[in-house]
Amino acid sequence: MLTCTKTYFDIPFAHRQYLHDGRCAFVHGHNWDISVTFACDRTDENGFVVDFGKLKFLKNWIDENLDHSCVFSKSDPLMRVLRDAAPEAWKIFVVDQCSCEGIARHLFGVFNDLVLRETSSRVRVVSVSVSEDKKNTARFVSPEAD
Ligand SMILES: [Zn+2]
């Protein structure tokens, strides 16, 4: 198996950990880095796992869904209240769990589907790492990555 990794740096978005017993319960922002590791058994005609110049679909997805958004856990009881109070103030993205770990898990599923589609299933995603402000990192690794 060959792998390569693409990293998108400094994507600004907010989140809140509504169950947290500290300041993470407040809506707050980070600059996030997202690293996506791709794998294949057979490279393309250039010897690439993926052509980094042909990953605009991933950057576009990040720009459309995460850039300047607020990521909420789907069980957050205030998400609808905040959104409905001022819908023009929010670009909301919902995941099961908006921790670093939960965002990495969610992005793995989204990106793997996109990559499989774009490469006719030649390439798959084996892990996604998500970092908050270059300090804290969580990584979701495909159970099929070994
Ligand atoms: Zn945070």
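Anyway, here's the lowdown on the structure attached to this text. It should be emphasised that the depicted structure is a prediction, and the values quoted were computed from it without experimental measurement.

**Some details on the overall build of the protein**
No. 1: Along the backbone of the protein there are 3 helices and 6 strands.
No. 2: Along the chain direction, N to C, the helices and strands of the protein fall in the order β-β-α-β-α-β-α-β-β.
No. 3: A compact globule built from 146 residues would reach a C-alpha radius of gyration of about 15 Å, and the protein, at 16 Å, matches this within 12%.
No. 4: If you line up the protein on its principal axes, its C-alpha atoms span 50 × 30 × 25 Å.
No. 5: Long-range pairs, those at least 24 residues apart, make up 58% of the contacts in the protein with a sequence separation of at least 6.

**What to know about the sheet that holds strand β5 (residues 123–132)**
No. 1: Pairing is mixed in the open sheet, where 6 strands are placed in the order β4-β3-β1-β2-β5-β6. On the outer flanks of this sheet lie β4 (92–95) and β6 (136–141), each paired with one strand and no other. Pairwise comparison of adjacent strand axes, ignoring direction, gives a mean angle of 35° for this sheet.
No. 2: For strand β2 (residues 28–40) and β5, the ladder comprises 9 bridges, and the chain directions are antiparallel. For Thr 37, the partnering residue across the bridge sits in β5 and is Ser 127.
No. 3: Sheet contacts for helix α1 (residues 56–65): β1 (2–15), β2 and β4; angle to β1, the most-contacted strand, approximately 15°.

**Considering the pairing of β5**
No. 1: Most of β5 sits inside the fold, with 8 of its 10 residues counted as buried.
No. 2: With 6 bridges connecting them, β5 and β6 associate as antiparallel partners. Pairing of Ser 131 across the sheet is with Thr 137, part of β6.
No. 3: Count of turn residues in the β5/β6 antiparallel hairpin: 3 residues, of which Asp 133 carries a positive phi of about 50°.

**Some details on unusual backbone geometry**
No. 1: Positioned with a positive phi, Ser 120 is a non-glycine residue whose angle comes to about 50°.
No. 2: In this fold, Ser 120 is placed in the loop between α3 (100–118) and β5.
No. 3: A positive phi angle is found at Lys 134, which is not glycine, with a value near 60°.
No. 4: In this structure, Lys 134 sits in the loop between β5 and β6.
No. 5: For Lys 134, a count of 12 C-beta atoms within 10 Å gives the class exposed.

Conventions adopted
Residues numbered from 1 in each chain as written. Predicted model: local features only at pLDDT ≥ 70, side-chain atom pairs only at ≥ 80, totals over all residues. Helix = DSSP H or I, 4+ residues; strand = E, 2+ residues; numbered from the N terminus. Rg over C-alpha atoms; globule rule 2.2 N^0.38 Å. Contact = placed C-beta atoms within 7 Å. Pairing = 2+ DSSP bridges. Axes fitted to C-alpha atoms, helices over the stretch in contact; angles between N-to-C directions. Buried ≥ 20, exposed ≤ 12 C-beta atoms within 10 Å, placed from the backbone.

Honestly, it's all geometry; don't read function into it.
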